[in-house]
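# Structure assessment
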Amino acid sequence: MARTRAARAWPFLVAGLLIAAQVAVLALWFPAHALMIDLQVYREGGAAVLAGRPLYEGGILLDLPFVYPPVAAALFVPLTLLPLPLLKVLWTALGVLLLVLVIRRAARLTGLPAPVGVVTLLVAAALWLDPVRTTFYLGQINVLLLALVFLDLTGRSRFRGLGVGIAAALKLTPLLFVVYLLLTGRRREAATAVAAFVAATGIGFLVAPADSVQYWLRGTFAAANRISDVGGDSNHSVHGLVVRLGGGPVGYLVVGLLLGAAALWVARGLHRRGAEVEALSLVGLASAAVAPFAWSHHYVWFVPLLVALVARGLAEYRGPAEKNGARRAWLATGLVLAATAAVITRLPGPGVGPIPATGLISLWPDAYVAAFVISCAALLPAARSGSARTAPTGSPPR
């Protein structure tokens, strides 16, 4: 009885320690963490649409530009109706709720026992991943995009693909999931995603025609350096890596296409063997890795991947092959955590900013690309082994 109680209590204990550490870091540098500057940019984008001000002529909040499509600004209009302090609280609460839903769904699909204690521990651990932590203190949209795509493609709705299309209309990189859907034979879902994307983009043209022409027809969407220097350490995509190594556009296209194709091939194999969570995670990570520009917080797709890797590590194995698979899963889990855990590396100050630098990414700008490549390699045996299934256990019923 005592052993059973201890087994039930330890996830809450560890989660409590992780949350307490998170609260301590926030309390030490509260004004900087509570600024949520990107959320303020979203709010100003909505205000610009209401006032008829241009979205892409200079900074929309001080010198900060609005980098999303016009339809995103239209969808951000409701953010202007709330006082900023209340908006920050509600936005954070929504992000935590969506994180819980994604982790619960991922745990269920991978066969990981998911009582309240385990989910609480996984959520507390996810909040300590640097992409997630950065998303929250910036007030970013990445967890929302993760939830839109992941809950859509693992759900049972007849309108699967709708979430992918909406996410792609807000930020273009989720369009890679359309390619994944086509490769896995889900043409109806792919068509739904494309239709939703086109419809949402059309709404942008109706609401903000001049801005839509500027964004889509005059090349604003393709100007990766409008945010920051493509070759700077803030660009954590393959593009940034290639430029830092002295390469040019051709080198980026070649490496990006090869890496993207490899990830999609592994994801296709995983899907056929019922490992939908791993497949979607790799495609999500690939959408950041091969993008022209990727901030560190774009890599929130490490969250469902870690749930899947833990599930693989905990799964009972019956023979040498399964045992080796579990070992590979634990090794990959450790490497991904080493790359993404938000360990403080430098305290605030000149050259660092008002918030402490965290994670391996603050020391090595290509850490997430490397972790993504390692994850693809670690999951390759799972994508190739076993016999294909006609109805993968990790994918929704057709």
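Numbers given for residues are sequential positions, taken from 1 along each chain in its written order. Where local features are concerned, this predicted model is filtered to residues with pLDDT of at least 70; where side-chain atom pairs are given and counted, the filter is 80 or more; whole-chain, interface and lining totals use all residues. Only hydrogens and water are set aside when side-chain values are computed; all heavy atoms of the structure are taken into account.

## Quick look at the overall build of the protein
Put simply, DSSP marks the helices as runs of H or I at least four residues long and the strands as runs of E at least two long, and each gets a number from the N terminus on. Summing up its helical and strand segments, the protein has 18 helices and two strands in all. In terms of overall dimensions, the protein has C-alpha extents of about 65 × 50 × 45 Å along its principal axes. Here the protein holds 32 positive side-chain charges and 15 negative ones, and the gap between their average locations is 13 Å. Only four residue types enter the tally: Lys and Arg on the positive side, Asp and Glu on the negative side, with His and both chain ends excluded. All charge positions are set by atom: Lys at NZ, Arg at CZ, Asp at CG, Glu at CD.

## Some remarks on the environment of leucine 121
Residue position: leucine 121 is located in helix α6 (residues 116-126). Residue leucine 121 is classed as buried on the basis of its relative accessible area, which comes to 16%. In sequence terms leucine 121 and threonine 192 are 71 residues apart; their C-alpha atoms lie 35 Å from each other. Throughout, a contact is declared for two residues whenever any of their heavy atoms are within 4.5 Å. Contact partners of leucine 121, with chain neighbours within four places excluded, come to Trp10, Pro11, Val14, Ala15 and Leu18. The classification of residues rests on relative accessible area computed with a 1.4 Å probe and restricted to protein chains. Under 20% of the type maximum is buried, over 50% is exposed, and intermediate values are partly exposed.

## Looking at the side chain of aspartate 152
Relative to the assigned elements, aspartate 152 resides in helix α8 (residues 142-153). Look at aspartate 152: it is buried, it has no salt bridge, and the nearest opposite charge is arginine 160 at 6.3 Å. Any pair of nitrogen or oxygen atoms within 3.5 Å is treated as a polar contact; in protein, a donor-acceptor pairing is required on top of that, and neighbouring residues in sequence qualify only through side-chain atoms on both sides. A distance of 3.0 Å separates the side chain of aspartate 152 from the backbone nitrogen of glycine 163, its partner in a polar contact. If we ignore the near neighbours within four places in the chain, the residues touching aspartate 152 are Ala147, Phe159, Arg160, Gly161, Leu162, Gly163 and Val164. In what follows, salt bridge is the name for a side-chain nitrogen of Lys or Arg lying within 4 Å of a carboxyl oxygen of Asp or Glu.

## What about empty space enclosed by the protein?
In this analysis, the protein atoms alone were mapped onto a 1 Å grid. Cavities are point sets where a 1.4 Å probe fits without being able to get out; pockets are open sets with protein on both sides within 12 Å along at least five of seven lines; lining residues have an atom within 4 Å of a point. Grid points are joined across faces, edges and corners, and a volume is the space filled by probe spheres set on the points. Tallying each qualifying case throughout the model produces two cavities of 30 Å³ or more. Of all the secondary structure elements, the ones that give two or more residues to the lining of the largest cavity are α8 and α15 (276-289). Asp, Glu, Lys and Arg are counted as charged, while Ala, Val, Leu, Ile, Met, Phe, Trp, Tyr, Cys and Pro are counted as nonpolar; the rest, among them Gly, fall into the polar class. Of the residues that constitute the lining of the largest cavity, the class distribution is ten nonpolar, five polar and one charged. Approximately 100 Å³ is the volume found for the second largest cavity. Surrounding the second largest cavity, Met36, Trp91, Thr92, Leu94, Gly95, Leu98, Thr135, Phe136, Gln140, Ile141, Val143 and Leu144 form its lining. Contributions of two or more residues to the lining of the second largest cavity are made by α5 (84-110), α7 (130-138) and α8.

## Some remarks on the side chain of threonine 154
If you trace the backbone, threonine 154 turns up in the loop between α8 and α9 (162-170). Polar contacts involving the side chain of threonine 154 include one to the main-chain carbonyl oxygen of phenylalanine 150, which spans 2.6 Å.

## Here we look at a nonpolar patch on the surface
Taken together, the side chains of Trp10, Leu13, Val14 and Leu17 define a hydrophobic patch exposed on the protein surface, amounting to about 410 Å² of accessible area. Mapped onto the secondary structure, valine 14 falls in helix α1 (residues 2-28). Valine 14 gets classed as partly exposed once you look at its relative accessible area, which sits at 31%. To count toward a patch, a residue needs a relative accessible area above 30% and no salt bridge. Like charges then connect within 9 Å, nonpolar side chains (Val, Leu, Ile, Met, Phe, Trp, Tyr) within 5 Å. For the area figures, the Shrake-Rupley method with a 1.4 Å probe applies, and any residue is considered shielded solely by the protein chains shown.

## Quick notes on the environment of proline 54
Structurally, proline 54 can be placed in the loop between α3 (37-51) and α4 (70-75). By relative accessible area, which is 40% here, proline 54 ends up partly exposed. Sequence-wise, proline 54 and alanine 367 are 313 residues apart; in three dimensions their C-alpha atoms are separated by 37 Å.

## Quick notes on the pattern of salt bridges
What the rule picks out here adds up to four salt bridges. Here arginine 160 and glutamate 189 are joined by a salt bridge, their closest N and O atoms 3.4 Å apart. Taken together, the positions of arginine 160 in the loop between α8 and α9 and glutamate 189 in helix α11 (residues 187-207) put the pair 29 residues apart, joining distant regions of the chain. According to the relative accessible area criterion, glutamate 189 is buried, its value standing at 10%.

## Some thoughts on α9
The buried fraction of α9 is high, at seven of nine residues. Of the residues making up α9, those classed as buried are Gly163, Val164, Gly165, Ala167, Ala168, Ala169 and Leu170. Against α4, α8, α10 (176-183) and α11 lie the buried residues of α9.

## Digging into the confidence of the model for the protein
pLDDT is a per-residue confidence score from the predictor, ranging from 0 to 100. Scored by pLDDT, the protein has a mean of 91; 93% of the residues are at 70 or more. For residues 387-398, every residue scores under 50 in pLDDT, and the model assigns this stretch 26 contacts once sequence neighbours within four places are set aside.

## Some thoughts on the packing of α5 against helix α16 (residues 302-314)
The axes of two packed helices give the description: the angle between them and the distance between them. Every axis in this analysis is a line fitted to C-alpha atoms, fitted for helices over the stretch in contact. Angles between the N-to-C directions lie between 0 and 180 degrees. In contact at an axis separation of 9 Å, α5 and α16 are set at 30° when each is read in the N-to-C sense. In terms of orientation, α5 and α16 fall into the roughly parallel class. The handedness of the crossing between α5 and α16 is right-handed. On the side of α5, the interface is formed by Leu99, Ile103, Ala106, Ala107 and Thr110, while α16 contributes Val303, Pro304, Val307, Ala308 and Ala311. Looking at the contact of α5 with α16 residue by residue, the classes come out as nine nonpolar, one polar and no charged. Orientation categories follow fixed angle ranges, with anything under 35 degrees roughly parallel, anything over 145 roughly antiparallel, 65 to 115 roughly perpendicular, and all other angles oblique. Less than a right angle of anticlockwise turn of the near helix away from the far helix marks a crossing as left-handed, whereas a clockwise turn marks it as right-handed.

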